[in-house]
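A look at the structure
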Amino acid sequence: FSRPSNRRAMKLPAREELAGMRAHARLERPLVMTASEWNVEKAARDQTLTGCPPDMWLINGKVYDLKDFVAKHPGGPEWLDLTRGTDCTTAFETHHINIDKADALLAKYFRFTLPAEHAFAASPYEWQNPHGFYRELRAAVFQHFRSTKQTWHASPAMWVASAVALVLWVLAFASVCWQQSVAGAVVAGLALYALTGVGHNFFHQRNLPIRFVWDLTCFNSQEWRISHALAHHMLPNLSSDYEVWTAKTCRWKETPALSPLSLFQELEPVKHLSFSSLPRWSWPSHSFALRARSPAAIGPSSCTRKSSTQWGGFLMRGAEPWQW
């Protein structure tokens with residue numbers, strides 16, 4: 001990403017909470033906006049900010065008509081259905097490690113370029129710099145996979161581990177239903193814990209039936225694909241991050257020093273809730289804040305090269321997200 005000198009003075013609308021999120025924060029009631037509703041409202045805001053038609057896709061300031069490609073999409077049609085009518089630049093850039101191939105295919109569906117004043121109005125990041133940190137990192141990772149002949153898809157070991165966890169859960173759950181086995185309940189719980197990780201891994205990827213093991217946890221895999229893959233991973237810890245926004249129900253509050261109980265104290269105004277609102281850590285010479293973002297752990301982030309020297313995910317108070 002590039003970082004203009006006046007970045008501190010800029011407010012990017014795509015980083016701000018949606019209107020529905022702000023309304024809920026004022027009402028202070030239990031969760032009233034689902035992930036699907038968040039996605040619909042985000043699409044409406046993107047269209048208002050940019051003028052993108054509701055039946056097309058906006059990527060890097062250009063509008064594409066992918067309707068004829070939806071059924072052919074290697075990742076499955078659902079990803080395109082969920083991003084229809086939105087600025088999906090971040091999802092496109094972070095989900096295609098072979099970006100040259102993706103760009104070449106995308107060009108076939110180009111329709112028109114938006115006016116400069118609207119083209120990037122709904123983008124939370126600046127992708128215009130061809131030598132930005134993330135693009136250089138992605139190119140290096142792609143070259144690593146090519147040179148080592150590795151694949152970025154699930155490995156055989158992952159498939160075996162997933163199958164073992166699923167079979168173990170089925171057998172243990174059956175023993176609970178038929179024999180009221182306490183041991184079976186324990187094993188089923190442990191196996192379900194493993195399947196949570198399996199479901200999480202696969203709802204991030206192309207459409208495969210195994211992603212539905214996530215639904216065994218009583219959570220909806222499609223809703224989590226929106227809230228986690230399209231919201232949290234694309235907008236990590238920004239005000240528009242749906243998943244972090246839901247954490248406000250925990251009522252965390254920032255405190256001068258960390259204590260075991262301070263994690264559950266009242267949250268200061270939830271207007272700009274992020275994991276940086278967790279309590280500060282007292283340190284001999286500086287006060288640090290815990291952040292749940294890491295250049296190596298997430299797709300999009302506004303990282304600078306020197307950010308990799310900051311250890312353990314701790315940043316000095318006052319550092320802005322785009323200084324990463």
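Above: the structure in question.
Residues numbered from 1 in each chain as written. Predicted model: local features only at pLDDT ≥ 70, side-chain atom pairs only at ≥ 80, totals over all residues. Heavy atoms only, no water.

1. Remarks on the packing of aromatic side chains
Summed over all chains, the structure comprises 12 aromatic pairs. It is K62 that lies over the ring of F110; its NZ or CZ is 5.9 Å from the centre. (Phe/Tyr/Trp six-rings, centres within 6.5 Å; stacked < 30°, edge-to-face > 60°. Lys NZ or Arg CZ within 6 Å of the ring centre and 35° of its normal.)

2. With respect to the sheet that holds strand β2 (residues 62-64)
Spatial strand order, β1-β2-β3: 3 strands in an open sheet with antiparallel pairing. Lying at the two open borders of the sheet, with one neighbouring strand each, are β1 (57-59) and β3 (110-113). The average undirected angle you get between the axes of adjacent strands in this sheet is 30°. Pairing between β1 and β2: 3 bridges, direction antiparallel. Paired with L58 across the strands is V63, a residue of β2. (Pairing = 2+ DSSP bridges. Helix = DSSP H or I, 4+ residues; strand = E, 2+ residues; numbered from the N terminus. Axes fitted to C-alpha atoms, helices over the stretch in contact; angles between N-to-C directions.)

3. What about the pattern of salt bridges?
Considering all chains together, one arrives at 8 salt bridges under this definition. Among the salt bridges present, the one from K67 reaches D55, with a minimum N-O distance of 3.5 Å. In this pair, K67 sits in the loop between β2 and α3 (77-83) while D55 sits in the loop between α2 (35-50) and β1, placing the two residues 12 residues apart along the sequence. D55 sits in the partly exposed class, given a relative accessible area of 32%. With its nearest N and O atoms 2.7 Å apart, the salt bridge here joins R138 to E93. With R138 in helix α7 (residues 133-148) and E93 in helix α4 (residues 89-95), this residue pair connects regions lying 45 residues apart in the sequence. Note on R138: relative accessible area 9%, which makes it buried. (Salt bridge = Lys/Arg side-chain N within 4 Å of Asp/Glu carboxyl O. Buried < 20%, exposed > 50% of the residue type's maximum accessible area, 1.4 Å probe, protein only.)

4. Points about the packing of α2 against helix α10 (residues 221-232)
Where α2 meets α10, the axes come as close as 8 Å, and the angle between the chain directions of the two elements is 50°. In terms of their interaxial angle, α2 and α10 are classed as oblique. Residues A35, S36, W38 and N39 of α2 pack against E223, I226, S227, L230 and A231 of α10. Of the residues assigned to the contact of α2 with α10, the class counts are 5 nonpolar, 3 polar and 1 charged. (Parallel < 35°, antiparallel > 145°, perpendicular 65-115°, else oblique. Contact = heavy atoms within 4.5 Å. Nonpolar A, V, L, I, M, F, W, Y, C, P; charged D, E, K, R; others polar.)

5. Quick word on the nonpolar core
Counting residues in each nonpolar core, the largest one holds 33 residues, and the members touching the most others are W38, L66 and Y242. Listed by contribution, the elements that provide at least two residues to this core are α2, β1, α3, α4, α5 (99-106), α10 and α11 (242-246). In terms of residue count, α10 provides more of this core than any other element does, 4 residues in total. Those residues in contact with L66 that sit more than four places away from it in its chain are W57, L80, L106 and Y109. Ranked by size, the runner-up nonpolar core spans 11 residues in total, among them A172, A191, L195 and F202. (Core = buried A, V, L, I, M, F, W, Y, C linked by side-chain atoms within 4.5 Å.)

6. Quick notes on unusual backbone geometry
The backbone phi angle of Q180 is positive, close to 50°, even though this residue is not glycine. Among the structural elements, Q180 can be located in the loop between α8 (156-179) and α9 (182-203). Taking the relative accessible area as the measure of exposure, Q180 reaches 60% and is therefore exposed. Despite not being glycine, N237 shows a phi value in the positive range, around 65°. Taking the relative accessible area as the measure of exposure, N237 reaches 9% and is therefore buried.

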